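# Secondary and tertiary structure notes
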Amino acid sequence: MAINVNLDVMMAKRKMSLNELSEKVDITISNLFILKTGKAKAIRFSTLEAICEVLDCQLGDILE
Amino acid sequence: MTCRKRLVLIFVLVFVFIFSISLIGSGKKPVHGLDFFDLYQFSLSDYTISVSYMVAYSFLKAYVAFLLIKTLSNINLLNPFKIEVARILEKISHVLVGISIVAILYNAHSKWLLKRSYSGKMACKRIGFYDLLVFVITQVFKRGVEIQSENELTV
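Here's what I pulled together on the structure shown here.

Criteria and thresholds
- Residues numbered from 1 in each chain as written.
- Chains lettered and ligands numbered in written order.
- Predicted model: local features only at pLDDT ≥ 70, side-chain atom pairs only at ≥ 80, totals over all residues.
- Heavy atoms only, no water.
- Patch = residues over 30% accessible without salt bridge, like charges linked within 9 Å, V, L, I, M, F, W, Y side chains within 5 Å.
- Areas by Shrake-Rupley, 256 points an atom, 1.4 Å probe, with all protein chains shown as cover.
- Salt bridge = Lys/Arg side-chain N within 4 Å of Asp/Glu carboxyl O.
- Helix = DSSP H or I, 4+ residues; strand = E, 2+ residues; numbered from the N terminus.
- Core = buried A, V, L, I, M, F, W, Y, C linked by side-chain atoms within 4.5 Å.
- Buried < 20%, exposed > 50% of the residue type's maximum accessible area, 1.4 Å probe, protein only.
- Contact = heavy atoms within 4.5 Å.

On the surface, B:Val8, B:Phe11, B:Val12, B:Phe15 and B:Phe19 cluster together to form a nonpolar patch covering roughly 520 Å² of accessible area. Turning to its location among the elements, B:Phe15 is positioned in helix 1 (residues 3-25).

Shown next, in the form of structure tokens:
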């Protein structure tokens, strides 16, 4: 069963652009783009934690 | 392999076989140190089999050389772990294993002929160990490419 990444939904809710998120989370835009488009093979817990902290959401909001 | 390539291959194989018989007809001419004239006199079917092995062996070696040139033209030493390079190397390893199989069959056929009181020299000196080594190394390289790809897509 595939895992869906709803990063763009959360970014829209928080009115945050990819550039802004990239600066706050300290991840390159290309990596964020890979995550957003669902092409990522794996994600580190530290990355998930940082994204959830910046977007002020739960893990289940990002990954479904 | 497309239909046209198959036809070309069959044509080349038939041409080589007819050419070899014409060489035999013109007199004793050792091919790579192996005198096929005696074998031709001994048995046409065994001669056909032996020439087929030699043709297959030479063709596969030429194909390996072609794949090697293709690898060298595709490889970038700054970042050699590409899937295209891994695929070509895997092809090379498969062909090398194929060459070993052809050599083993040829040697088995030669031994069988010797048992049938054929006294001519026939041998194909080839050690399959290095081909298997290349096969293992190629599989490791391919796995390395997959791991690199996973790492690159790890956020």
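There is more to say after this.
This next bit is on the nonpolar core. Residues and elements named next belong to chain B. In this structure, Phe 36, Val 64, Ile 92, Val 95 and Ile 99 are the most contacted members of the largest nonpolar core, which totals 19 residues. Among the elements of the structure, helix 2 (36-42), helix 3 (44-74) and helix 4 (83-115) are those that each provide at least two residues to this core. No other element matches helix 3, which puts 9 residues into this core. In contact with Val 95, not counting residues within four places along its chain, are Leu 60, Tyr 63, Val 64 and Leu 67.

So, about the pattern of salt bridges. Evaluation of the coordinates by the stated rule reveals 3 salt bridges over all chains. Its salt-bridge partner being A:Glu20, residue A:Lys24 comes within 3.5 Å of it at the nearest N-O pair. Residue A:Lys24 and its partner A:Glu20 are both found in helix 2 (residues 18-25); the two are separated by 4 residues, about one turn of the helix. Note that B:Glu146 and B:Arg143 form a salt bridge whose closest N and O atoms lie 3.0 Å from each other. One end of the pair is B:Glu146 and the other is B:Arg143, both in helix 5 (residues 129-152) and 3 residues apart, which spans about a single turn. Under the relative-accessibility criterion, B:Glu146 is labelled partly exposed at 34%. Take B:Arg143: its relative accessible area is 41%, and that puts it in the partly exposed class.

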